[in-house]
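Working through the structure, step by step
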Amino acid sequence: MKFLIIEDDVEAAKYLRHALDEAGHVADLAHNGIDGFALADHGGYDALVVDRMMPKRDGLSVVAELRENGDNTPVLILSALGEVDDRVTGLRAGGDDYLTKPYAFSELLARLEALVRRGSTSDNQSQYQVGDLVLDRLSRDVKRADQSILLQPREFRLLEYLMRNAGQVVTRTMLLEHVWDYHFDPQTNVIDVHISRLRGKIEKGFDKPLLHTIRGAGYVMRA
């Protein structure tokens, strides 16, 4: 799995990355909230480890803005503040779990694995929202700024998958497997055609783009 560690204690962050590497995972580092948000906003992580108190920008504001942008990447908050009110504040800001320092690496790893497992196996949301775009999985309705958008079945499935993974880079291989049920490259431009059509329907006439192309990587939905 790939994690992002946002921690201002350089030595602690390096230790954690080394430990995750030994456990067979990969981790990127950021040592302040501004850099951390930039990396997290780019997407592509299975989970984030975010220190609460950091220079330039605190961890809770980073998490809160990611959630406002529709990024549902699991977040484990680290903090020396361990009172009940502190934990509640962290969870209400958008954190999925809260671990008090000092901690045992084995517990941190178990919590990260549980967060990722929970996110991949339990998707009971009936609605997804990114910015002012809302998709209702039960009624199959799609609206942006309260304006109804008519999608073909494959377009709906494509948008649903992109919104379910909002804030994370979705590769062409992932789209072929999860939207078209292909486990091989059909050597066609089927993805490009559907992405273009989808963009035309969810972005034409609106000010802000929501579906972004990440050159050489794939696509990401974010406000």
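This report concerns the structure included in the present document.

Definitions and limits used
- Residues numbered from 1 in each chain as written.
- Predicted model: local features only at pLDDT ≥ 70, side-chain atom pairs only at ≥ 80, totals over all residues.
- Heavy atoms only, no water.
- Pairing = 2+ DSSP bridges.
- Helix = DSSP H or I, 4+ residues; strand = E, 2+ residues; numbered from the N terminus.
- Axes fitted to C-alpha atoms, helices over the stretch in contact; angles between N-to-C directions.
- Contact = heavy atoms within 4.5 Å.
- Parallel < 35°, antiparallel > 145°, perpendicular 65-115°, else oblique.
- Left-handed = near helix turned anticlockwise from the far one by under 90°.
- Nonpolar A, V, L, I, M, F, W, Y, C, P; charged D, E, K, R; others polar.
- Buried < 20%, exposed > 50% of the residue type's maximum accessible area, 1.4 Å probe, protein only.
- Arc of directions from axis to C-beta.
- Polar contact = N/O pair within 3.5 Å; in protein donor to acceptor, adjacent residues only side chain to side chain.
- Salt bridge = Lys/Arg side-chain N within 4 Å of Asp/Glu carboxyl O.

1. Here's the deal with the sheet that holds strand E3 (residues 47-51)
- Across the sheet, 5 strands lie side by side as E2-E1-E3-E4-E5; this open sheet has parallel pairing. Of all the strands in the sheet, the pair left with one neighbour each is strand E2 (26-30) and strand E5 (97-100). Averaged over all pairs of adjacent strands, the angle between strand axes in this sheet comes to 20°, irrespective of strand direction.
- Alignment of strand E1 (residues 2-6) against E2, held across 5 bridges, turns out to be parallel. The residue of E2 that forms the bridge with Ile-5 is Leu-29.
- Its contacts with the sheet place helix H3 (residues 59-68) against E1, E3 and strand E4 (75-79), and it is angled at close to 145° to E3.

2. Focus on the packing of helix H2 (residues 33-42) against H3
- H3 packs onto H2 with a crossing angle of 25° between their chain directions and a minimal axis gap of 10 Å. One way to sum up the angle between H2 and H3 is to call them roughly parallel. The hand of the H2/H3 crossing is right-handed. When H2 is examined against H3, the residues Gly-33, Phe-37, Ala-40 and Asp-41 are found in contact with a partner set consisting of Val-62, Glu-65 and Leu-66.
- A per-class count over the contact of H2 with H3 returns 4 nonpolar, 1 polar and 2 charged.

3. Quick look at H3
- Those residues of H3 not exposed but buried are Gly-59, Leu-60, Val-62, Val-63 and Leu-66. The buried side chains of H3 occupy one side of the element, clustering within an arc of 160° when seen end-on.
- In the core, the buried residues of H3 are packed alongside E1, H2, E3, E4 and helix H4 (84-92).
- The backbone nitrogen of Leu-60 has a side-chain oxygen 3.1 Å away, supplied by the residue at the start of H3, namely Asp-58.
- Gly-70 lies just past H3 and shows a positive phi near 90°.

4. Here's the deal with unusual backbone geometry
- Of note, the amide linkage connecting Lys-101 to Pro-102 takes the cis form, showing an omega dihedral of -10°.
- By the element assignment, Pro-102 lies in the loop between E5 and helix H5 (105-121).
- The phi angle at Lys-56 is positive, at roughly 70°, despite the residue not being glycine.
- Mapping Lys-56 onto the fold places it in the loop between E3 and H3.
- A positive phi angle, close to 70°, is found at Asp-146, a residue other than glycine.
- Looking at the element boundaries, Asp-146 is found in the loop between strand E8 (142-144) and strand E9 (147-148).

5. Some remarks on the pattern of salt bridges
- Within the structure shown, the criterion is met by 11 salt bridges.
- Across the salt bridge formed by Lys-2 and Asp-28, the nearest N and O atoms sit 3.9 Å from each other. With a gap of 26 residues between them, Lys-2 in strand E1 and Asp-28 in strand E2 connect regions that are remote in the sequence.
- We classify Asp-28 as partly exposed; its relative accessible area is 24%.
- Residues Asp-51 and Lys-101 are paired through a salt bridge, measuring 3.1 Å at the closest nitrogen-oxygen approach. On the criterion of sequence distance, the pair formed by Asp-51 in strand E3 and Lys-101 in the loop between E5 and H5 is long-range, its members being 50 residues apart.
- On the basis of relative accessible area, Lys-101 is assigned to the partly exposed category, the value being 26%.
- Because the salt bridges share partners, they merge into one network encompassing Glu-7, Asp-51 and Lys-101.

6. Quick notes on the pairing of strand E6 (residues 127-130)
- A one-sided burial pattern is seen for E6, the buried positions being Tyr-128 and Val-130 and the unburied ones Gln-127 and Gln-129.
- Looking at chain direction, E6 and strand E7 (residues 133-136) are connected through 4 bridges and run antiparallel. In the sheet register, Val-130 faces E7, and the bridge partner there is Leu-133.
- What sits between the antiparallel neighbours E6 and E7 is a turn of 2 residues, in which Gly-131 has the positive phi angle 60°.

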